[in-house]
There are 4 protein chains.
Amino acid sequence: MIKVGIIGSTGYAGQELVRLLLPRKDVEIVWYGSHSYVGQNYSDVYGNMFRIVDAKCLDDDLDALADEVDLIFTATPQGYLAGVLTEEILSKTKVIDLSADFRLKNVETYQEWYKIEHKSPQFLKEAVYGLCEVNRDSINDKVRLIANPGCYTTTSILSLYPLVKQGMLDLSSIIIDAKSGTSGAGRGAKLPNLFCEVNESIKPYGVTTHRHTPEIEEQLGYAVYSIVEGEAAYSNNSVSKKFEEEGQPGGYPITINFTPHLVPMNRGILATCYASLMPGYKASDVAEAFHMEYDKEYFIRFKGQGVFPETRWVEGSNFMDIGFTVDERTGRVIVVGAIDNVVKGAAGQAVQNMNLLFGLEENEGLTMPPLFP
Amino acid sequence: MIKVGIIGSTGYAGQELVRLLLPRKDVEIVWYGSHSYVGQNYSDVYGNMFRIVDAKCLDDDLDALADEVDLIFTATPQGYLAGVLTEEILSKTKVIDLSADFRLKNVETYQEWYKIEHKSPQFLKEAVYGLCEVNRDSINDKVRLIANPGCYTTTSILSLYPLVKQGMLDLSSIIIDAKSGTSGAGRGAKLPNLFCEVNESIKPYGVTTHRHTPEIEEQLGYAVYSIVEGEAAYSNNSVSKKFEEEGQPGGYPITINFTPHLVPMNRGILATCYASLMPGYKASDVAEAFHMEYDKEYFIRFKGQGVFPETRWVEGSNFMDIGFTVDERTGRVIVVGAIDNVVKGAAGQAVQNMNLLFGLEENEGLTMPPLFP
Amino acid sequence: MIKVGIIGSTGYAGQELVRLLLPRKDVEIVWYGSHSYVGQNYSDVYGNMFRIVDAKCLDDDLDALADEVDLIFTATPQGYLAGVLTEEILSKTKVIDLSADFRLKNVETYQEWYKIEHKSPQFLKEAVYGLCEVNRDSINDKVRLIANPGCYTTTSILSLYPLVKQGMLDLSSIIIDAKSGTSGAGRGAKLPNLFCEVNESIKPYGVTTHRHTPEIEEQLGYAVYSIVEGEAAYSNNSVSKKFEEEGQPGGYPITINFTPHLVPMNRGILATCYASLMPGYKASDVAEAFHMEYDKEYFIRFKGQGVFPETRWVEGSNFMDIGFTVDERTGRVIVVGAIDNVVKGAAGQAVQNMNLLFGLEENEGLTMPPLFP
Amino acid sequence: MIKVGIIGSTGYAGQELVRLLLPRKDVEIVWYGSHSYVGQNYSDVYGNMFRIVDAKCLDDDLDALADEVDLIFTATPQGYLAGVLTEEILSKTKVIDLSADFRLKNVETYQEWYKIEHKSPQFLKEAVYGLCEVNRDSINDKVRLIANPGCYTTTSILSLYPLVKQGMLDLSSIIIDAKSGTSGAGRGAKLPNLFCEVNESIKPYGVTTHRHTPEIEEQLGYAVYSIVEGEAAYSNNSVSKKFEEEGQPGGYPITINFTPHLVPMNRGILATCYASLMPGYKASDVAEAFHMEYDKEYFIRFKGQGVFPETRWVEGSNFMDIGFTVDERTGRVIVVGAIDNVVKGAAGQAVQNMNLLFGLEENEGLTMPPLFP
């Protein structure tokens, strides 16, 4: 039995962790952490859990929790975990962090994009970026700290990773136009997220400044390196280690444009990715790169050329759908990826990481088909 | 291993059966029936099933299917099953019918409300009305034919059943104002169900003429009888047998007003039920009746007085939430019930019946928490 | 040129007033009041007004405003206007109040349902309840203070008024089940009104306790009186005066059940009204009552028997659609009414009152067809 | 009084024409054409028009109509107008075509992208592309045939026109990622447009193949030319004439990527446009280009740098909002434009053209503020 605690269990991602972990017989949630709802019944905060969760919300006490559990999920605002994490905690328990605190290897990059000081850079080197499909061989029972990827980043990186890794893309030409459901904005009571403000509208936000940008750039940069060095078999994590050893944490990230948009729906992210193909590559090469990289992946469903994903087909599941086409007129490849931002983009991916950390089947508890309609 | 076939697997309810049955290790779907999509890949019709279902749609051939499976689900238009069902089929396999063909014991009532001739009234007597919470003791491995209740009816009957059974309601005063998500309208390509026609609007329909009306009336009528006869412990099915023996199939249904409304959301039914309390009863009596009837029920979550259900809290699950209040000013009790129309109102309830038919735990495969948001 | 000021111009109803008044050549908005956004550009608060409104939000100063304008609209929280209104203000300008402060003639009823002390009951007698269709003959240039009806109340009263007035209904049997878009909840940043909380759900709220209940009861009560006294031609306002003179402000309201529900859409209210017909009345009588009362009304579109309104057909307009049927099985009439809650339920009705106060055509500036889809 | 007929008045764009024209005192709609609803009351097809339009739908008879009216709007499927248009018709009346039949000057391009034969290429030369902001000086009372621009094209062209015209963009780098509400898909009863299929999802479609692509390319191509020739003052129409005279109808269009997406909302189009800035240009130059081109435009609301449009702020209106930023990291400019696809993208633009054709104020009947929420 894996005992887990969830810090930030009353956010949308935290609640989704609860939904995914409750049915499991090998996992027990012993701590429903919530700074905002301490002392309240969890099922009063989330009515769907009525008669299912019989627990009260506890305060966010990482030290106390470390003594009680095998694993802590932190689904907390940026800066929280970095502010409280200690060696002692990590010596007692594992941590999967759904925030951005340990995703970027370069602390300056973090501070520049997040505008907050990083309080525990000493753990950056140890943290493994938990995108299982590219770092699986680095995620095992020896790992103490997982930086769970962001929702936009998961969609964006996995959409382009095979092509970058194979050197098929003009790296200066990458543009990612992403669209997200509103759960990505969190459960805070903010005017722009009111029903009447979001409904019947679409808007861009964080144009050129969204914080997921450097995360995408860093990870795609690692993929480039593995090709440059003729080491395509290396995981991104291995590459990041090399850079760290060379005193260049974060590597040489490539530079992209990333534009997120808010869509009037609850769940789902769609990333429409544009890039110029390097000379000589054609659609069949692109298809082959995807097949080679993803055919063995349980959660990635490559749909081939000319068939595109729609977020409705992945809702409630940990699947990612990918399709592409090549425009002969412009020489560009257009790859479209779709996930459920709350599952593969947050809680599902965290569970996927948990499974690897504890030596379980990677898809344990994550095989439910998407819910439609 | 229970082998099942689904006739009408490409409707919304049929697809939900697929979603619920696929993860089960004790059930195998061997026949994806679909009149409209014969020969097509099931996953081309429902993209969520890509890489999950590797099967083509087969024609609706009940006879062929009966030889192959232990159980047939018919998620078909009204009249289909009554038109093809035979003794031979029932001698080989069990059938759970999600249509209305065998829900009403009185064939005249069926023909009056559905405006179609009933082609096999000979099976009406045998069919068990599959509302497990009121007919559980009649649903077992000897039963060959289950009439799975309608979505509005499930919500309405379960909302009022304990109070009718205890004689607390003025039976002439019952009004049920119900609201449904649009999946209840089916997947047919009809103009009134287009996004732009449904979105940003609410409308009533079938006012005084909706076909679920007599089904609610018949079942509530049975509940009345059990009180009249001092036999509250009787299931509705037992009562229906008595009436059949007396040559009065359908019993003496009470008369209600039932008004459904279409709501711009995918899933969910909310029934707001009004009735005058009989003299002497008060809120605590109402609460007690609900507790007595439902505290032991896994799928019914009684929220007590002054706390009301919302459809978001049951989405994707087989739960039903119920709350009530008593208005001292008018002497009325207002009971509100909510379900996911596609699960507890259709496919989930069908699986619940399947579990009972095959001697399994009633909630097997149905314990997933609701999905939110 | 009518100079107007709007206190509370940054709420949804206030903004709708701006939308309706801006195109008019006979009206000038000189004061965009907003407690929350003082000093900000109005078009920064409402982006739709960019390049249309070139004004900053001013504080809520009723005294200063009274010197400048011919008419003040107060689209403010309950209690605001009652707390600041003075004889001096009313001696200088007219006020149309979109809050509930002067809708109920009986101050005790107000305090009981609104749980706040009424600070200026001395103006209750003078205030005219601005439901033009029933009080038109009392709304003219001599009136200083209009209590603009609530959104649910407008829909409910107008749906039943002709039948109550004609004595066709069993007054103890009235049940109004209403459904509203989310704009009715206002623009406050509250968790229950977030997109993800409202979307894909329907819920009841304020069951038996919603504040619009006594307003409906009082006005329908006046309609009863006019029949009792054989004075059907009397307006509700005239009846209310009689009661005041007799020391019984508010009259003898009838008692109803009123249940509002929140629907995932921006605009629109639908009221489904149930009542038992008095003996001898039939559908044709009901139709005749509606024709008699409403055929001359510009804003009320009576659709007849068996044809029901849908909120999409009135969106953005000041129209109210009404349909009905009689259920011979239960003896009840079911009347359904629909309006746009922000227009006919708030700002549009306020403009309708303004037109009458200033001797203009009642539909001036309100003839735009509904917007669809 | 301008007498107009509308062929295709029961589509969404046709109905919007009705909504916009009805309030006008200088226009009379004398023909509600509808192939599908001949003989039916227009208000039975569109309930919002109940008691407003008292007319029956007439057949699509262009010849008969030409005798009766001053202007015909054709809101019809591609190929219809080209199939029936004659010199005789144009000698009697003006035509504003909302279909694509006369938008592309090069008949081969039309036939390649639309996969239908063009039946009356002889009128291509005469037709004026009715994007008033770029062709205003060619739209006057001498014009007989207007090709009203598409919704995506209007948004895309106007977003980039000033920058292309000033030579600021690397023309090989243009990518337009567009998002549209569902009304753009029309009112046909098709499964993919059902509420449950569209709701809670976003999807790309027509990737690299959407028919609006060549229209955008052609018009942006004309803008390029005017710079090349040092004739920035030329309208696109003038440039197109030059090319026609040189035997190269359609000019030398540039090549872009255009990707439309379907969004779960009724109205609105947002175009996110990416392009590399030519060396030496910076954000202030971009801003100046927009100001120079659009400050005088009534319907274009340029929001400046770093402020982006949202479709909710233009709903129901003929306005277009534009914002931009320059990403110093990648050297790209990102321009975002938003319109209401049914108004500025169809019916509103058609009315704008009508106003110019008849010598009226260009914004006559189009000054209503956007409707929110």
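Residues numbered from 1 in each chain as written. Chains lettered and ligands numbered in written order. Predicted model: local features only at pLDDT ≥ 70, side-chain atom pairs only at ≥ 80, totals over all residues. Heavy atoms only, no water.

Looking now at the overall build of chain A. If you tally the helices and strands in chain A, you get 13 helices and 13 strands. Here chain A has a C-alpha radius of gyration of 20 Å; the compact-globule value for 373 residues is 21 Å, and the two agree. Across its three principal directions, the C-alpha atoms of chain A cover 60 × 50 × 40 Å. By residue count, 68% of the 373 residues in chain A fall in the buried class. (Helix = DSSP H or I, 4+ residues; strand = E, 2+ residues; numbered from the N terminus. Rg over C-alpha atoms; globule rule 2.2 N^0.38 Å. Buried < 20%, exposed > 50% of the residue type's maximum accessible area, 1.4 Å probe, protein only.)

Right, let's get into the relation of the copies chain C and chain B. Mapping chain C onto chain B calls for a screw motion: a turn of 180° about the axis and a shift of 0.0 Å along it, with 0.0 Å RMSD after fitting. Within this description, the copies of the chain are treated as partners about a two-fold rotation axis. When the interface residues of chain C are mapped onto chain B, 100% of them are again interface residues, pointing to one common binding face. (Least-squares fit on C-alpha atoms with pLDDT ≥ 70 in both. Contact = heavy atoms within 4.5 Å.)

Once that is clear, we can look at helix α13 (residues 343-357) of chain D. Residue and element names in this part refer to chain D. Here α13 contains 15 residues, and its C-alpha end-to-end distance of 18 Å is more than 12% below the 21 Å for a straight helix at 1.5 Å per residue. Remark: the principal bend of α13, roughly 45°, maps to Q349. Judged by how many residues are buried, α13 sits mostly within the fold: 15 of 15 residues are covered. A positive backbone phi angle near 70° is found at G359, which sits one or two residues after α13. (Expected span 1.5 Å × (residues − 1). Bend = angle between axes of the 7 residues up to and from the residue.)

What follows is about the packing of helix α1 (residues 12-21) of chain D against α13(D). Residue and element names in this part refer to chain D. Relative to each other, α1 and α13 sit at 50°, their axes nearing to 9 Å. Regarding the angle of α1 to α13, the classification is oblique. Relative to α13, α1 is oriented so that their crossing is right-handed. Where α1 approaches α13, its residues A13, E16, L17, R19, L20 and L21 are matched on the opposing element by V343, A346, A347, G348, A350, V351 and M354. The residue inventory of the contact of α1 with α13, partitioned by class, reads 10 nonpolar, one polar and two charged. (Axes fitted to C-alpha atoms, helices over the stretch in contact; angles between N-to-C directions. Parallel < 35°, antiparallel > 145°, perpendicular 65-115°, else oblique. Left-handed = near helix turned anticlockwise from the far one by under 90°. Nonpolar A, V, L, I, M, F, W, Y, C, P; charged D, E, K, R; others polar.)

Attention now goes to the interface of chain D and chain A. Taken residue by residue, the interface counts 48 residues in chain D and 48 residues in chain A. A combined buried area of about 4000 Å² lies between chain D and chain A, and 55% of that area is made up of carbon and sulfur atoms. Inspection of the chain D/chain A interface yields six salt bridges. A salt bridge links D:D177 to A:K179, with the nearest nitrogen and oxygen atoms 2.9 Å apart. At the boundary of chain D and chain A, one finds 30 residue pairs in polar contact (both at pLDDT 80 or more). Elements with a contribution of two residues or more to the side of chain D that touches chain A: β7 (175-180), α9 (195-198), β8 (203-204), α10 (212-228), β9 (257-262), β10 (269-276), β12 (320-327) and β13 (332-339) of chain D. (Buried area = accessible area lost by both parts, 1.4 Å probe. Salt bridge = Lys/Arg side-chain N within 4 Å of Asp/Glu carboxyl O. Polar contact = N/O pair within 3.5 Å; in protein donor to acceptor, adjacent residues only side chain to side chain.)

Between chain C and chain B, the residue contacts involve 48 residues of the former and 48 residues of the latter. Carbon and sulfur atoms supply 55% of the area buried between chain C and chain B, which totals about 4000 Å² over both sides. The largest per-residue losses of area from chain C upon contact with chain B belong to C:E200, C:I202 and C:R329, which jointly make up 17% of the total buried on that side. Across the chain C-chain B interface, the total number found is six salt bridges. The interface formed by chain C and chain B includes 30 residue pairs in polar contact (both at pLDDT 80 or more). Elements supplying a minimum of two residues to the side of chain C that touches chain B: β7 (175-180), α9 (195-198), β8 (203-204), α10 (212-228), β9 (257-262), β10 (269-276), β12 (320-327) and β13 (332-339) of chain C. The biggest single contributor to the side of chain C that touches chain B is β7(C), with four residues. Of the residues assigned to the side of chain C that touches chain B, the class counts are 21 nonpolar, 14 polar and 13 charged.

Our focus in this paragraph is unusual backbone geometry. Between A:F372 and A:P373 the backbone carries a cis peptide bond, its omega angle lying at -5°. Relative to the elements of secondary structure, A:P373 occurs in the segment after α13 (343-357). Of note, the phi angle at C:K115 is positive, near 60°, even though the residue is not glycine. Counting through the fold element by element, C:K115 comes out in the loop between α6 (107-114) and β5 (128-129).

Further remarks concern the relation of the copies chain D and chain A. Each copy of the sequence occupies a distinct position, and chain D is placed on chain A by a rotation of 180° and an axial shift of 0.0 Å, giving an RMSD of 0.0 Å. Mapped onto chain A, 100% of the interface residues of chain D again fall at the interface, so both copies present the same surface.

Moving on, we come to the sheet that holds β9(C). Residues and elements named next belong to chain C. Strand order in the open sheet formed by seven strands is β8-β9-β7-β10-β13-β12-β11, with mixed pairing between adjacent strands. The open sheet has two free edges, formed respectively by β8 and β11 (300-305), since each of these has just one partner strand. Both β7 and β10 contribute to a ladder of six bridges, which runs antiparallel. When the sheet's bridge partners are listed, D177 is paired in β10 with T272. Against the sheet, helix α8 (residues 151-165) touches β7, β9, β10, β11, β12 and β13, its axis set at about 140° to β13. Here helix α12 (residues 283-294) sits on the sheet in contact with β11, β12 and β13, set at roughly 160° to β12. (Pairing = 2+ DSSP bridges.)

All names here are of chain A. Strand order in this open sheet of seven strands is β8-β9-β7-β10-β13-β12-β11, and the pairing throughout is mixed. Of all strands in the sheet, those with a lone pairing partner are β8 (203-204) and β11 (300-305), marking the two edges. In this structure, strand β12 (residues 320-327) lies alongside strand β13 (residues 332-339), joined through eight bridges in antiparallel fashion. Directly across from D327, in β13, lies its bridge partner R332. Against the sheet, helix α12 (residues 283-294) makes contact with β11, β12 and β13, and its axis sits at roughly 160° relative to β12, the strand it touches most.

Attention now moves to the packing of aromatic side chains. For the coordinates displayed, the defined rule picks out 70 aromatic pairs over all chains. Within the aromatic cluster, the residues linked to one another by ring pairs are A:Y12, A:Y32, A:Y42, A:Y46, B:W313 and B:F372. Sitting over the face of the ring of B:F319, B:R301 holds its NZ or CZ atom 4.6 Å from the ring centroid. (Phe/Tyr/Trp six-rings, centres within 6.5 Å; stacked < 30°, edge-to-face > 60°. Lys NZ or Arg CZ within 6 Å of the ring centre and 35° of its normal.)

What follows is about the side chain of B:R19. Turning to its location among the elements, B:R19 is positioned in helix α1 (residues 12-21). With residues up to four places along the chain from it excluded, the contact list for B:R19 reads A:P369, A:P370, A:L371, B:M49, B:R267, B:G316, B:V343 and B:M368.

Moving on to the packing of helix α8 (residues 151-165) of chain D against helix α12 (residues 283-294) of chain D. All names here are of chain D. Their axes nearest at 9 Å, the elements α8 and α12 cross at an angle of 110°. Here α12 runs roughly perpendicular to α8, going by the angle between their axes. On the side of α8, the interface is formed by L158, S159, Y161, P162, L163 and K165, while α12 contributes V286, A289, F290, E293 and Y294. Counted by class, the contact of α8 with α12 contains eight nonpolar, one polar and two charged residues.

Moving on to the pattern of salt bridges. If you walk through the whole model with that rule in mind, you get 99 salt bridges over all chains. Note that A:E16 and A:R19 form a salt bridge whose closest N and O atoms lie 2.7 Å from each other. Taken as a pair, A:E16 and A:R19 lie in helix α1 (residues 12-21) at a separation of three residues, close to a single helical turn. One exposure class covers both A:E16 and A:R19, and it is buried. Measuring nitrogen to oxygen at the nearest pair gives 2.9 Å for the salt bridge that ties D:R24 to D:D26. Judged by its relative accessible area of 8%, D:R24 is buried. Within the structure, one salt-bridge network assembled from shared partners comprises A:E16, A:R19, A:R267 and A:D340.

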